[in-house]
Amino acid sequence: MSQSTTSHTCPERAVERSTPSPRQSTAPIRADAFQAAFLPDPSAVARMRDSTAAFLRRFGLTGPVATSVVLVVSELVTNAIKHGHGEVELEIRVMSGTIAVSVTDENPAPAVLKQAGPDDTSGRGMALVEAYSDRWGSSGEETWCEFRHDSVGSVA
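Fair warning: this is a prediction, and the values are worked out from it, not measured in the lab.

Our next topic: the pairing of strand E2 (residues 33-38). Within E2, six of the six residues are buried, which leaves it mostly tucked inside the rest of the structure. Alternating residues of E2 divide into Ala33, Gln35 and Ala37 and Phe34, Ala36 and Phe38, and every residue in both groups is buried.

Structure follows, in C-alpha cells:
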C-alpha cells in the first residue's frame, strides 16, 4: 500500500500506473491506469466520480459503461470512507475489453452484500456493485470489480 500520512489535510494523490495491485507495485507509470490515495473524507466521493469520468473519457469510454463504472466507484469509495480505516486508495485500469476498479483501505474485514429493507436508508451499495459490474470480490482491505466493454465504450 502507498505510504500513509498522519496529516488530516492531505489532498488526494493521483498517479497513473498499470500494475494490478497497489501493494505489490514497482512497475513504471503508464497511461492505462488511474490511482488516487486520499484520507477518508466524504467530499472525496464527488472528486473520485469526476476523476473517474474524466479518465474513462480519455479512452472513449462513455455512455452506459462509463455511467456504471462511475456509479460503482462512488459506492466503493463511500463504503471505504464509512466502514474502512485509514487512507483510501482507488485504482482504475483500462485493458482490452475490461475496466478493473479496486478500492483499498486498512480495514481487514471484507465488504459484504446486504439485503436492505424498504425503509433502510443505507446498505444498498454492494448490491449496486453486484448489479452493475460483471464480477466483484472483497479480500478485506481490497474490494474490486470488473466491467466488460467493447472498443467504443459500450458494455460488452
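This paragraph deals with the side chain of Ser74. If you trace the backbone, Ser74 turns up in helix H2 (residues 63-83). Judged by its relative accessible area of 10%, Ser74 falls in the buried class. Among residues more than four places away in sequence, those in contact with Ser74 are Val45 and Arg49.

Of all residues in the protein chain, 72% have pLDDT values of 70 or greater, and the mean over the chain is 79. Within the protein chain, the element-level pLDDT minimum falls on strand E1 (residues 13-15), averaging 36, and the maximum on helix H1 (residues 44-57), averaging 97.

Let us look at the nonpolar core. Formed by 30 residues in total, the largest nonpolar core has its most connected members in Phe38, Leu90 and Val101. Among the elements of the structure, E2, H1, H2, strand E3 (88-95), strand E4 (98-104), helix H3 (125-132) and strand E6 (142-148) are those that each provide at least two residues to this core. Here the element with the most residues in this core is H2; it accounts for nine residues. In this view, Val101 contacts Val69, Val73, Leu76, Leu90, Glu91, Ile92, Thr143, Trp144, Cys145 and Phe147; residues no more than four positions away in its chain are not counted.

An ideal rise of 1.5 Å per residue puts 20 Å on 14 residues; H1 measures up with 20 Å between its terminal C-alpha atoms. Regarding H1, the residues found buried are Ala44, Val45, Met48, Thr52, Phe55 and Leu56. Buried residues of H1 fall within an arc of 100° about the axis and therefore sit on the same side. In H1, those exposed residues whose orientation departs by more than 90 degrees from the buried face are Asp50 and Arg57. If you follow the buried residues of H1, they end up packed against E2, H2, E3 and E4.

What counts and how
Sequence order sets the numbering: in each chain, residues are counted from 1 along the sequence as written. Per-residue local features are limited, in this predicted model, to residues with pLDDT of at least 70; the limit for side-chain atom pairs, both in listing and counting, is 80 or more; totals at the level of whole chains, interfaces and linings are taken over all residues. Hydrogens are left out, water is left out, and the side-chain values use all remaining heavy atoms of the structure. The buried label applies to any residue whose accessible area, calculated with a 1.4 Å probe on protein chains only, is under 20% of its type's maximum; exposed applies above 50%, and partly exposed to all values in between. Helix and strand definitions follow DSSP, with helices as H or I runs of at least four residues and strands as E runs of at least two, each counted in order from the N terminus. Note on contacts: a residue pair qualifies if any of its non-hydrogen atoms lie within 4.5 Å across the two residues. Each residue gets a pLDDT score, which is the predictor's confidence in that residue and runs from 0 to 100. Joining through side-chain atoms within 4.5 Å is the link that ties buried Ala, Val, Leu, Ile, Met, Phe, Trp, Tyr and Cys residues into a set, and such a set is a nonpolar core. The span you would expect from a helix comes to 1.5 Å times its residue count less one. The arc under discussion is defined with respect to the helix axis, by the directions toward the C-beta atoms.

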